[in-house]
Amino acid sequence: MNILDKKWWFLGLLVLLIASLSISSHSLWMDEAIRIEYANRSISDGYFDRQWGLLQMGLMHLQYLWGALIGKTEIAYRCLNIPFLLVSAIYFSLILRKFNLSSLWLLVICVHPIVVYYMNDAGPYIILLACSAAVYYHCFFSEQQNSLMNVIVTLIWLTIGFCVHFIYGFAVLLFVCSIMYKWKKNGSFKSINKEIFVGLIFVPLFMYITYMYLLHMGHGAERGWSKPGILNLGFVAYAFSGLCGLGLPRNDIRMGNYHLINWEMIACVSVFCISLIVLICRTYKALWSFLRQPAMVSALILGGIFFLASYSRNFQFWERHMMFLFPMFVVGMVFLLSAAWRKTLWDKLYVSLLVALLLVSSCQLRWVYKYHKDDQKGAYLYVQQRGLFNSDIPVIAQGFPYLYRYYNCRDYSGPVPPMPDNIVLADNFSYAQILQTVDDCAKRSSTICLILAEKSISAKHFYSKAEAIFEEMGFKVTSSNDFNTFKILILTTDSKA
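Residues numbered from 1 in each chain as written. Predicted model: local features only at pLDDT ≥ 70, side-chain atom pairs only at ≥ 80, totals over all residues. Heavy atoms only, no water.

(A) Up close: the packing of helix α10 (residues 172–186) against helix α16 (residues 294–312). Across the interface, α10 lies against α16 with an axial gap of 9 Å and an inter-helix angle of 135°. Comparing their axes, α16 and α10 come out oblique. Read as a crossing pair, α10 and α16 show a hand that is right-handed. Across the interface between the two elements, L173, L174, C177 and Y181 of α10 pack against P294, S298, A299, I301, L302 and I305 of α16. Looking at side-chain class alone, the contact of α10 with α16 contains 9 nonpolar, 1 polar and no charged residues. (Axes fitted to C-alpha atoms, helices over the stretch in contact; angles between N-to-C directions. Helix = DSSP H or I, 4+ residues; strand = E, 2+ residues; numbered from the N terminus. Parallel < 35°, antiparallel > 145°, perpendicular 65-115°, else oblique. Left-handed = near helix turned anticlockwise from the far one by under 90°. Contact = heavy atoms within 4.5 Å. Nonpolar A, V, L, I, M, F, W, Y, C, P; charged D, E, K, R; others polar.)

This is the structure in structure tokens:
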């Protein structure tokens, strides 16, 4: 790659444009808000929370420094993803060259819905994408695979990823697989002596990080999680294929709101799947050759081991937890698209259709509200703008501590402001307790504000019909507003009286 070539500068600018357009000031969702708060408070106070501090310590320090330099808004924190997307683009370009693919296919990778969605996430996932693309390249595609520097760089990227998120420790298996492949290919120990030597130097560091993670990592059963299964794998395939912005939004999938599927979604998903099946049938030889690539075989082995480990720990994984598999999946996708594009005019038509649908999926994830994350910011501002904090109106709230802690104290100076006296936290309330609490509050106030979090165990069973339930109880619902998994009801007791 000649960095002085105008083509690469042009592609770099396009990738930068895609990255910039992918970022917005939409509400931080719960995980983002918790990470950022702990990143600031933990490092300032010298204390790391059991789950969020110690299990993502590298990310905590990175976000703390980034926030101090760039700012502490949603956009500022998400801009941390931009340099890592550029790193990903460089490594993807190098991998595409090894498959003799045009560098223009890099743009298809960068507008993939997975990339666009997680560019707008103040979390570790684009960082893990960069680490993964780098590890695949240095382990399987680098022209300097036998050099000491290549091995050192590989292990540095693995260390960065492991420090950023505990789950990336599984990616070490890619390094192990590359060693096994090289040993099998050359048939001598001498061919892998550099990997063994440098690997042994890094072993104490990896063992220490692993020990810290295992020491503070809980079991999924402790959080009420069941073992992962076909649904988890199905969603990973659904997301990796690029369907997340064409079919049912992920929040509705998580809540089982399949009744919201409409004909537009069915048509888009059907056309995409049919085109994908045609692509596979027309390029099955290319697919078979790609599946036999050492990098792809290693990715499949890694995926299988990760699934077994998740199953043993009751870990309900999503596609973001398997970001170390995504580079080979998306490279395989563009490999097949490129193979089909070189065939007939009809092949070019369905390839163009697939790329167009990927772009539509990404655009909907970025700009269509129902595909966005939980709108905690919208819910908080609704309560704030109506002067309901510290008012005489009781506010029965689920998921509210996260809203209040981040959006009420953005500079993180001093202690977290105390929760207003009129807030009744109902995160752990059962359905019956919520109804009872509403009735109790109605005895002292004629107006009640109720914030329901669709993802809470108690609310998800009556979230969609909450208005009818409270009207049956005799309340008048004077206002009902949805904020992507949050519903705010204003109830009055006029009809009860």
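(B) Examining the packing of aromatic side chains more closely. Enumeration over the complete set of coordinates arrives at 23 aromatic pairs. For the pair F306 and F324, a centre-to-centre distance of 5.5 Å together with 80° between the ring planes defines the contact as edge-to-face. Taken together, the positions of F306 in helix α16 and F324 in the loop between α16 and α17 (326–341) put the pair 18 residues apart, joining distant regions of the chain. Comparing F306 with F324, the two get one shared label, buried. Grouping aromatic residues by their ring pairs yields a cluster made of Y168, F170, F306, F307, Y311, F317 and F324. Above the plane of the ring of Y311 lies K227, whose end atom (NZ or CZ) is 4.9 Å from the centre. (Phe/Tyr/Trp six-rings, centres within 6.5 Å; stacked < 30°, edge-to-face > 60°. Buried < 20%, exposed > 50% of the residue type's maximum accessible area, 1.4 Å probe, protein only. Lys NZ or Arg CZ within 6 Å of the ring centre and 35° of its normal.)

(C) A look at the sheet that holds strand β2 (residues 423–425). Spatial ordering of the open sheet is given by β2-β1-β3-β5-β4, a layout of 5 strands whose pairing is mixed. With partners counted over all chains shown, the strands left at the sheet margins are β2 and β4 (476–482), one partner each. The mean inter-strand angle of the sheet, taken between neighbouring strand axes irrespective of direction, is 15°. Pairing analysis gives 6 bridges linking β4 to strand β5 (residues 486–492), with the strands arranged antiparallel. Within the sheet, the bridge partner assigned to V477 lies in β5 and is L491. Packed onto the sheet, helix α19 (residues 376–385) meets β3 (447–453), β4 and β5 and runs at close to 25° relative to β5. (Pairing = 2+ DSSP bridges.)

(D) Molecular detail of the packing of helix α8 (residues 125–141) against α10. Where α8 meets α10, the axes come as close as 9 Å, and the angle between the chain directions of the two elements is 10°. With respect to their mutual orientation, α8 and α10 come out roughly parallel. In this structure, α8 uses V135, Y136, C139 and F140 to contact α10, whose residues at the interface are L174, F175 and S178. In terms of residue class, the contact of α8 with α10 is made up of 6 nonpolar, 1 polar and no charged.

(E) Here's a closer look at the confidence of the model for the chain. Chain-level pLDDT for the chain is 87 on average; 89% of the residues reach the 70-or-more range. Note that pLDDT drops below 50 for residues 47–53; the model gives that stretch 23 contacts with residues more than four away or on any other chain. (pLDDT = per-residue confidence, 0-100.)

(F) Looking closely at the pattern of salt bridges. This model, assessed by the stated rule, comprises 9 salt bridges. Residue E32 pairs with R78 through a salt bridge whose shortest N-O separation is 3.3 Å. In this pair, E32 is assigned in helix α2 (residues 30–45) and R78 in helix α4 (residues 74–78), connecting sequence segments 46 residues apart. On the accessibility criterion, E32 (0% relative accessible area) is buried. The salt bridge involving K487 is made with E467; its shortest N-O contact spans 3.4 Å. Of this pair, K487 sits in strand β5 while E467 is found in helix α22 (residues 466–472), placing the two residues 20 residues apart along the sequence. Take K487: its relative accessible area is 4%, and that puts it in the buried class. When salt bridges with common partners are traced through the structure, they connect E32, R78, D121 and K373 into a single cluster. (Salt bridge = Lys/Arg side-chain N within 4 Å of Asp/Glu carboxyl O.)

(G) The side chain of N232, seen in detail. Within the secondary structure layout, N232 lies in helix α12 (residues 230–241). Excluding anything up to four places from it in sequence, N232 contacts Q316 and F317.

(H) Structural view of helix α18 (residues 345–367). For α18, with 23 residues, the first-to-last C-alpha span of 33 Å sits near the 33 Å given by 1.5 Å per residue. For α18, the secondary structure elements touched by its buried residues are α1 (6–21), α6 (105–110), α7 (113–119), α12, α14 (263–282) and α17. (Expected span 1.5 Å × (residues − 1).)

(I) The arrangement of the pairing of β3 in detail. With respect to burial, β3 is a largely interior element, 6 of its 7 residues being buried. Pairing analysis gives 3 bridges linking strand β1 (residues 395–397) to β3, with the strands arranged parallel. Along β3, the bridge assignment pairs V395 with C449.

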